[in-house]
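Here is how the chains run, residue by residue.
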Amino acid sequence: MRDFSYFRAASTEEASRATLDAGAMLLAGGTTLLDLAKCGVTEPDTLVDITHLAGLGDMTVDANGATIGALAKMGEVADHPGVKAAFPAVAQSLSLAASAQLRNMATIGGNLLQRTRCSYFREPGVFPACNKRNPGSGCSAIGGVTRNHAVLGTSRACIAVNPGDLAVALVAFDAYVEMGRRRVAIEDFYMLPGETPDWETVLKKGEIITGIAIPASPAAKNSTYLKVRDRQSYEFAAASAAVGIEFEADGKTVRDIRVALGGVATRPWRARAVEQSLIGTVLNVEAVEKASRLSVEGAVSHGGNRYKIELAPRVVARAILTMGGLA
Amino acid sequence: MTRTIHLSLDINGKQHELDVEPRVTLLDALRESLALTGTKKGCDQGQCGACTCHVDGKRVLSCLTLAAQVEGRQITTIEGIAAEGGDLHPVQAAFIENDAFQCGYCTPGQIMSAVACIREGHAGSEEEIREYMSGNLCRCGAYNSIVAAVREAAEMAATGVAAKDKAEVA
């Protein structure tokens, strides 16, 4: 890891100013940043430590929803009784992510900015070509081993998966990312790779994520996060789904349904076609399986990741059937 | 850039002064600057758990924590958990009792993680222990004995009676 200078910010404003310098990066939990610095992927000149700022880790949950400070730790949010009660999929997405140690370190703001696990991206010494790391240099993954790469939202420049779990649940329930006074719907926060995969979010230089806001909804309250992976714990998703359902007073007709996918796309992926096809219907196994196939409309295989096009709809279907009491 | 910064770290209840480069992790500071080599370096990338320590009572990975970040926090390492008189921590004793290691390299991290796992209330069943200890890899594959040790230590913490003594009482 190349050396850098260390600056402990005394306020959000000071941190914001300090990150305007080229080569300066914010340091929160450090679980992504220091890992990538050791891989040689990021080479900051200055790290601006914001972990000592007070108040940025506060959480409140009330009838309107949840507001969670950017410095709240993944583990704290996963274990928060209010979050567990009003947003089970959000709590589960966090408790199924990483390990207990990492969840004690990693912050919510940092979690939203975690980088891809693409092994070509992570190995600059062996694979110099990576449009995300080095714009215009090419993509080593295309034509390579693609078992863990995206099938949705890819471009000819990049097929790297967004590895997040939390962001998937947040996309399902229309959460917002707050950057001081600026507030962006989380779906608009993440950008498709297109020709500029190095540009991942709408966060601007000098901006700091200060928190997230999740509006309360009956669908969010009746929700689940299903994560399927190569080993049972401490592993990224092969495919995952956040699903929430609100039923009409009859208890069986779908009034509102939210479906989002993880582990298969270049950004957290809302599956609106699945939602639209099930609203107003009474769930049954056949209809749910058929609707779930719409979640991978437009999916592109690169060889090794072909299985994800089969797996993702099954994960979606299982999550919907579970919430509908049919699994 | 070989500038060093001065840090004062609270480790196992003792204040330590050291001068290190800003990039030095807590793990390297413990092992290289302070000769506290109980904390092990496995992958050095946050994937194995061998370097697990406690910061303000919470288990964290010292390989992904900068030493500079934990100034003012209370750090506990494997050297700091036994009683002052030298009696082993109950989790240490349970690891010996259950033969919960082979080569022993991952053991300090396993024990630090287990102490926190029990304190968090995440050691209620074998399944829960396996889930909440999943950040600690053991390449010798001593998992069954590790789970048994954590289970025994958790029961002892809950009842105040060591499992081996329970048999004698019965």
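These numbers come from a predicted model, not from an experiment.

What counts as what
Residues numbered from 1 in each chain as written. Chains lettered and ligands numbered in written order. Predicted model: local features only at pLDDT ≥ 70, side-chain atom pairs only at ≥ 80, totals over all residues. Helix = DSSP H or I, 4+ residues; strand = E, 2+ residues; numbered from the N terminus. Rg over C-alpha atoms; globule rule 2.2 N^0.38 Å. Buried ≥ 20, exposed ≤ 12 C-beta atoms within 10 Å, placed from the backbone. Contact = placed C-beta atoms within 7 Å. Domains from an automatic or database assignment. Nonpolar A, V, L, I, M, F, W, Y, C, P; charged D, E, K, R; others polar. Pairing = 2+ DSSP bridges. Arc of directions from axis to C-beta. Core = buried A, V, L, I, M, F, W, Y, C linked by C-beta atoms within 7 Å. Axes fitted to C-alpha atoms, helices over the stretch in contact; angles between N-to-C directions. Parallel < 35°, antiparallel > 145°, perpendicular 65-115°, else oblique. Left-handed = near helix turned anticlockwise from the far one by under 90°.

1. Focus: the overall build of chain A
And step 1. On a plain count of helices and strands, chain A comes out with 13 helices and 12 strands.
And step 2. Computed over its C-alpha atoms, the radius of gyration of chain A comes to 20 Å, within 12% of the 20 Å expected for a compact globule of 327 residues.
And step 3. Taking the principal axes of the C-alpha coordinates as reference, chain A spans close to 60 × 50 × 30 Å.
And step 4. When each of the 327 residues of chain A is scored for burial, the buried share is 53%.

2. A few points about the overall build of chain B
And step 1. Assigned secondary structure in chain B consists of 6 helices and 5 strands.
And step 2. For chain B, the succession of helices and strands along the chain, N to C, is β-β-α-β-β-β-α-α-α-α-α.
And step 3. By the compact-globule yardstick of 15 Å for 170 residues, chain B fits well, its C-alpha radius of gyration being 17 Å.
And step 4. On the principal axes, the C-alpha backbone points of chain B span a range of 65 × 35 × 25 Å.
And step 5. By the burial criterion, 45% of the 170 residues in chain B qualify as buried.
And step 6. Restricting the contact set of chain B to residue pairs at least 6 apart, pairs at least 24 apart contribute 57%.

3. What to know about the domain arrangement of chain B
Residue and element names in this part refer to chain B.
And step 1. Under the domain assignment used here, chain B contains domain 1 (5-80) and domain 2 (90-169).
And step 2. Measuring from the centre of the C-alpha atoms in domain 1 to the corresponding centre in domain 2 gives 23 Å.
And step 3. Taken together, the 14 residues of domain 1 in the interface contact 11 residues of domain 2.
And step 4. At the level of elements, strand E3 (52-55) and strand E4 (58-61) are the ones that each hand at least two residues to the side of domain 1 that touches domain 2.
And step 5. The residue inventory of the side of domain 1 that touches domain 2, partitioned by class, reads 5 nonpolar, 6 polar and 3 charged.

4. Concerning the environment of A:Asn131
Residues and elements named next belong to chain A.
And step 1. Along the chain, Asn131 turns up in the loop between helix H7 (108-112) and helix H8 (166-172).
And step 2. A count of 24 C-beta atoms within 10 Å places Asn131 in the buried class.
And step 3. When the C-alpha positions of Asn131 and Phe121 are compared, they lie 8.7 Å apart, and in sequence the two are 10 residues distant.
And step 4. The residues contacting Asn131, other than those within four sequence positions of it, are Gly136, Ser137, Gly138, Cys139, Ala157, Cys158, Pro197 and Asp198.

5. Overview of the pairing of strand E2 (residues 24-27) of chain A
And step 1. Where E2(A) and strand E3 (residues 46-49) of chain A come together, 4 bridges link them in parallel fashion. Bridging from a neighbouring strand, A:Ala24 pairs with A:Thr46 of E3(A).

6. Quick look at helix H12 (residues 285-292) of chain A
It helps to recall that an α-helix has 3.6 residues per turn; residues three or four apart then point in one direction.
All names here are of chain A.
And step 1. Within H12, the full set of buried residues consists of Val288, Ala291 and Ser292. Around the axis of H12, the buried residues are gathered within 100 degrees of arc, so they sit on the same side.
And step 2. Buried positions along H12 lie against helix H11 (272-278) and helix H13 (307-323).

7. Brief notes about the nonpolar core
And step 1. A:Leu170, A:Leu261, A:Val316 and B:Val150 are the most contacted members of the largest nonpolar core, which totals 158 residues.
And step 2. With 8 residues, helix H5 (residues 143-159) of chain B is the single largest residue contributor to this core.
And step 3. Excluding anything up to four places from it in sequence, A:Leu261 contacts A:Val168, A:Ala239, A:Ser240, A:Ala241, A:Trp269, A:Ala271, A:Ser295, A:Ala312 and A:Val316.

8. Looking at the packing of helix H2 (residues 90-97) of chain B against helix H3 (residues 107-120) of chain B
Residues and elements named next belong to chain B.
And step 1. Interaxial distance between H2 and H3 falls to 9 Å at its minimum, and their mutual angle equals 125 degrees. Judged by the inter-axis angle, H2 sits oblique to H3. H2 and H3 meet at a crossing whose hand is right-handed. Each of Val91, Gln92 and Phe95 in H2 lies in contact with H3, whose residues at this interface are Thr107, Ile111, Ala114 and Val115.
And step 2. Tallied by class, residues from the contact of H2 with H3 come to 5 nonpolar, 2 polar and no charged.

9. Quick word on the packing of H3(B) against H5(B)
All names here are of chain B.
And step 1. Two elements in contact, H3 and H5, have axes whose closest approach is 10 Å; the angle formed by their N-to-C orientations is 40 degrees. In terms of orientation, H3 and H5 fall into the oblique class. With respect to the hand of their crossing, H3 and H5 are arranged in right-handed fashion. Within the contact between the two elements, H3 uses Gln110, Ala114, Cys117 and Ile118 and H5 uses Ile146, Val150, Ala153, Ala154 and Ala157.
And step 2. Grouping the constituent residues of the contact of H3 with H5 by class yields 8 nonpolar, 1 polar and no charged.

10. Some details on the sheet that holds strand E6 (residues 176-179) of chain A
One key point about sheets: their strands pair by backbone hydrogen bonds, in either a parallel or an antiparallel sense.
All names here are of chain A.
And step 1. Pairing is antiparallel across the open sheet formed by 5 strands, whose spatial order is E4-E5-E8-E6-E7. If you trace the sheet from one side to the other, it starts and ends with strand E4 (59-62) and strand E7 (182-185), each paired once. Going from strand to strand, the sheet's axes swing by 15 degrees on average, the running direction of each strand aside.
And step 2. Direction of pairing for E6 relative to E7: antiparallel, over a ladder of 4 bridges. Bridge pairing links Glu178 to Arg183 in E7.

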